[in-house]
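Observations on chain architecture
What follows is each chain in one-letter form.
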Amino acid sequence: MGDNIYIDKNAVVEEGATIFPNNYIGAGSVIKSGAVLRPNNIIEGSIVERGAVVTASVLEGAHIGEGAQVGPFCYMRQGANVGANCKAGDFVEIKNATLGDGSKASHLAYIGDVDIGKECNVGCGVIFVNYDGRHKHRSSVGDRAFIGSNCNVIAPVNVGDDAYIAAGTTITEDVPPAALVIGRSRQIVKEGKAIGKFRLL
């Protein structure tokens, strides 16, 4: 540990944890033996379990399970609970939500006010829409569900086990177990109609 690592006196770092330069570990944080904090993390009041790897991310009141991979550039807000062997990749934000064991949100997703089961896939650009302008609402996703890229899941809804939501779909109603859901507008092609109408600047 060098001079550019800050560990609050009320934080716990167990023997066997690895901490790279440029880490801030605030009060109430617990870094378990075998955890790895790669450079440039800000960790406040959070628990990082054994074997988890966190890179260039912000954790505020979060719990990171054993063997999970977080970052770079994740934002784990209050109540984020990432299970064992999960992946929360670049530009994923999790707030007051659970990502079950073995589930993955590899990049560019907002996961707020939802309980996601085990071994699920949350695609790039997925948004759990939890706020209607006045109130927050909560959703749930069962085990082994697949949520394709650029989907909106508008709370409150429940997605069943083994459901498959196709890319570009907006979910506004419950999805039964093992159902395939496609909810996108049909592509319309009008050949030759763009000639002379658009030009690149």
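Each remark here, short or long, concerns the structure printed above.
This section reports on the structure supplied with the text.

Calculation notes
Residues numbered from 1 in each chain as written. Predicted model: local features only at pLDDT ≥ 70, side-chain atom pairs only at ≥ 80, totals over all residues. Heavy atoms only, no water. Salt bridge = Lys/Arg side-chain N within 4 Å of Asp/Glu carboxyl O. Helix = DSSP H or I, 4+ residues; strand = E, 2+ residues; numbered from the N terminus. Buried < 20%, exposed > 50% of the residue type's maximum accessible area, 1.4 Å probe, protein only. Pairing = 2+ DSSP bridges. Patch = residues over 30% accessible without salt bridge, like charges linked within 9 Å, V, L, I, M, F, W, Y side chains within 5 Å. Areas by Shrake-Rupley, 256 points an atom, 1.4 Å probe, with all protein chains shown as cover. Core = buried A, V, L, I, M, F, W, Y, C linked by side-chain atoms within 4.5 Å. Contact = heavy atoms within 4.5 Å. Polar contact = N/O pair within 3.5 Å; in protein donor to acceptor, adjacent residues only side chain to side chain.

Turning our eyes to something else, we now look at the pattern of salt bridges. Any two side chains of opposite charge can pair, on the condition that their charged atoms come close. What the rule picks out here adds up to six salt bridges. Among the ionic pairs, E93 bridges to R77, the shortest N-O distance being 2.8 Å. With E93 in strand β15 (residues 87-95) and R77 in the loop between β13 (75-76) and β14 (81-82), this pair connects stretches of sequence that are 16 residues apart. Judged by relative accessible area, E93 falls into the partly exposed class, the value being 23%. On the accessibility criterion, R77 (26% relative accessible area) is partly exposed. Where D113 meets K95, a salt bridge forms, and the shortest distance between an N and an O atom there is 2.5 Å. Here D113, found in the loop between β17 (104-112) and β18 (114-116), pairs with K95, found in strand β15; they are 18 residues apart in sequence, far enough to count as distant. When sorted by exposure, D113 lands in the same class as K95, which is buried. Each of K95, D113, D115 and R138 takes part in salt bridges that share partners, so that together they form one network.

Here we come to the sheet that holds strand β16 (residues 98-99). Across the sheet, which stays open at both edges, the nine strands sit in the order β2-β5-β8-β11-β14-β16-β18-β21-β24 with parallel pairing between neighbours. Edge positions in the sheet fall to β2 (12-13) and β24 (158-159), since each of these pairs with one other strand and no more. Where β16 and β18 come together, two bridges link them in parallel fashion. Bridge pairing in β18 places T98 opposite D115.

The next thing to look at is a nonpolar patch on the surface. A surface patch of nonpolar side chains, about 270 Å² in accessible area, is lined by Y6, Y24 and I42. Following the sequence through the fold, Y24 ends up in strand β4 (residues 23-25). Given the relative accessible area of 31%, Y24 is considered partly exposed.

I64, M76, I94, I111 and F128 are the most contacted members of the largest nonpolar core, which has 49 residues in total. Within the residue set of this core, elements represented by two or more residues are β15, β17 and β18. Leaving out residues up to four positions away in the same chain, I64 has contacts with I47, V48, E49, A52, L59, V70, M76 and V82.

This next bit is on the side chain of N23. Tracing the sequence through the fold places N23 in strand β4. By relative accessible area, which is 3% here, N23 ends up buried. At 2.8 Å, the side chain of N23 forms a polar contact with the backbone oxygen of F20. Every residue in contact with N23, bar those within four places of it in the chain, is listed here: N4, I5, Y6, L37, R38, P39, N40 and N41.

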